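A look at the structure
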Amino acid sequence: MMKKTVLLLVLFLGTLALGMAQSKENDFLDQPYIEVTGTAMMEVVPDEIYVKIILREKDQRGKTELEQQEKKLFQTLQKVGIDVKKDLAVRNMAGNRYKLKSGAMKLRKEYVLLLHDVNTLDRVFAGLEQMGGVEAEVERVDHSQIEKLRREVKEDAIKVAKEKAMGLAAAIGQSIKEAIYIREEHWGGMAAQYMSNVALDAGRGSADAGVDFEKIKLQGTVLVRFKLWYK
């Protein structure tokens, strides 16, 4: 009997809470308000360029050959002003062996290089081209302050929404008061993206000319409801 009473009490409290929530929502809808969306866009030049570099053993001479290639790579990058200790890292050491159809094992080593502008990228690819025997490609671009920029574009979007609401309300002889509802709209355009694909092929020994990255495109959209009142 006690369990049944507790269950009924829980159901009653749940129903009461739901009723109060619906009542508050109805009160909110009964208020005179204007609902608008604000959208803002921003384009920024990427300042983080991630380059994948691969060295491969050719003549099955073992670790020594790869070490020589690595030493040559470090020298090449240092000549064009790269701090290899800071901006170059080895990636995925666990996958550095692969097997040919002949059954012979060969070594490969993969690195990721962080650059900060296209001019440096040009110099790096020119140096790698002269070095030869290396594969390299731009994997992705990003911006070091991307989260800060995303917040800024959302703040701009809500300002646009306020200006829009003020103009629409004025057209019917009213004005807006405080915001009573704000919702951020999400969409895929907030991610960093690039269109250019730059690659250096060891077999051809040449890099694609005309390196020119698109700017990172950011967009923020916010839905806002403002109270209305007569002037």
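Above this text is the structure in question.
What comes next concerns the included structure. Computed from a prediction, not measured in an experiment: that's the story for all the values here.

This next bit is on helix α5 (residues 146-171). Look at α5: 38 Å from first C-alpha to last across 26 residues, which is about the 38 Å you get at 1.5 Å a residue. Of the positions making up α5, those classed as buried are Ile146, Leu149, Arg150, Val153, Ala157, Ala161, Ala165 and Ala169. In this fold, the buried residues of α5 make contact with β1 (33-44), β6 (134-142), β7 (174-185) and β10 (216-230). Following α5 by one or two positions, Gly173 has its phi on the positive side, about 75°.

Another aspect to go through is the sheet that holds β1. An order of β1-β10-β7 is seen for the 3 strands of this open sheet, with the pairing classed as antiparallel. Both edges of this open sheet fall to β1 and β7, since each of them pairs with a single strand only. For this sheet, the mean inter-axis angle between neighbouring strands, taken without regard to orientation, is 30°. In this structure, β1 lies alongside β10, joined through 12 bridges in antiparallel fashion. Its bridge partner being in β10, Met41 is matched across the sheet by Gln219. Set on the sheet, α5 makes contact with β1, β7 and β10; between it and β1 the angle comes to about 140°.

What follows is about the pairing of β10. Along β10, 11 of the 15 residues are buried, which leaves the element largely enclosed by surrounding structure. Relative to β10, β7 runs antiparallel, the two sharing 9 bridges. Bridging across to β10, Ala179 finds its partner in Phe226.

Applying the stated criterion across every chain yields a total of 13 salt bridges. The partner of Glu110 in a salt bridge is Arg91, and the shortest N-O contact between them spans 3.1 Å. With Glu110 in strand β5 (residues 105-115) and Arg91 in strand β3 (residues 88-91), this pair connects stretches of sequence that are 19 residues apart. Accessibility expressed as a relative area gives 12% for Glu110, which makes it buried. Between Arg91 and Glu139 there is a salt bridge, with the nearest N and O atoms lying 2.8 Å from each other. Pair noted here: Arg91 is in strand β3 and Glu139 is in strand β6, with a separation of 48 residues, a long-range link.

Among the nonpolar cores identified, the biggest contains 25 residues, and Val51, Ile53, Leu77, Leu113 and Leu128 are the most heavily contacted of them. Contributions of two or more residues to this core are made by β2 (48-56), α2 (63-79), β5, α4 (118-131) and β6. In terms of residues, this core owes the most to one element, α4, which gives 5 residues. Sequence-distant contacts of Leu113, that is, excluding residues within four places in its chain, are made with Ile49, Tyr50, Val51, Ile53, Leu77, Ile82, Asp87, Leu88 and Val124. Among the nonpolar cores identified, the runner-up in size contains 19 residues, and Val44, Ala161, Leu218 and Phe226 belong to it.

Our focus in this paragraph is α4. Here α4 contains 14 residues, and its C-alpha end-to-end distance of 20 Å stays within 8% of the 20 Å for a straight helix at 1.5 Å per residue. Along α4, the residues that are buried comprise Thr120, Leu121, Val124, Phe125, Gly127, Leu128 and Met131. The buried side chains of α4 occupy one side of the element, clustering within an arc of 160° when seen end-on. Structural note: α4 exposes Asn119 and Gln130 on the side pointing more than 90 degrees away from its buried face. Regarding α4, its N-cap is Asp117, as a side-chain oxygen of that residue lies 3.1 Å from the backbone nitrogen of Asn119 further along. Two residues or fewer after α4 comes Gly132, characterised by a positive phi angle close to 75°.

Definitions and cut-offs
Residues numbered from 1 in each chain as written. Predicted model: local features only at pLDDT ≥ 70, side-chain atom pairs only at ≥ 80, totals over all residues. Heavy atoms only, no water. Helix = DSSP H or I, 4+ residues; strand = E, 2+ residues; numbered from the N terminus. Expected span 1.5 Å × (residues − 1). Buried < 20%, exposed > 50% of the residue type's maximum accessible area, 1.4 Å probe, protein only. Contact = heavy atoms within 4.5 Å. Pairing = 2+ DSSP bridges. Axes fitted to C-alpha atoms, helices over the stretch in contact; angles between N-to-C directions. Salt bridge = Lys/Arg side-chain N within 4 Å of Asp/Glu carboxyl O. Core = buried A, V, L, I, M, F, W, Y, C linked by side-chain atoms within 4.5 Å. Arc of directions from axis to C-beta. Polar contact = N/O pair within 3.5 Å; in protein donor to acceptor, adjacent residues only side chain to side chain.

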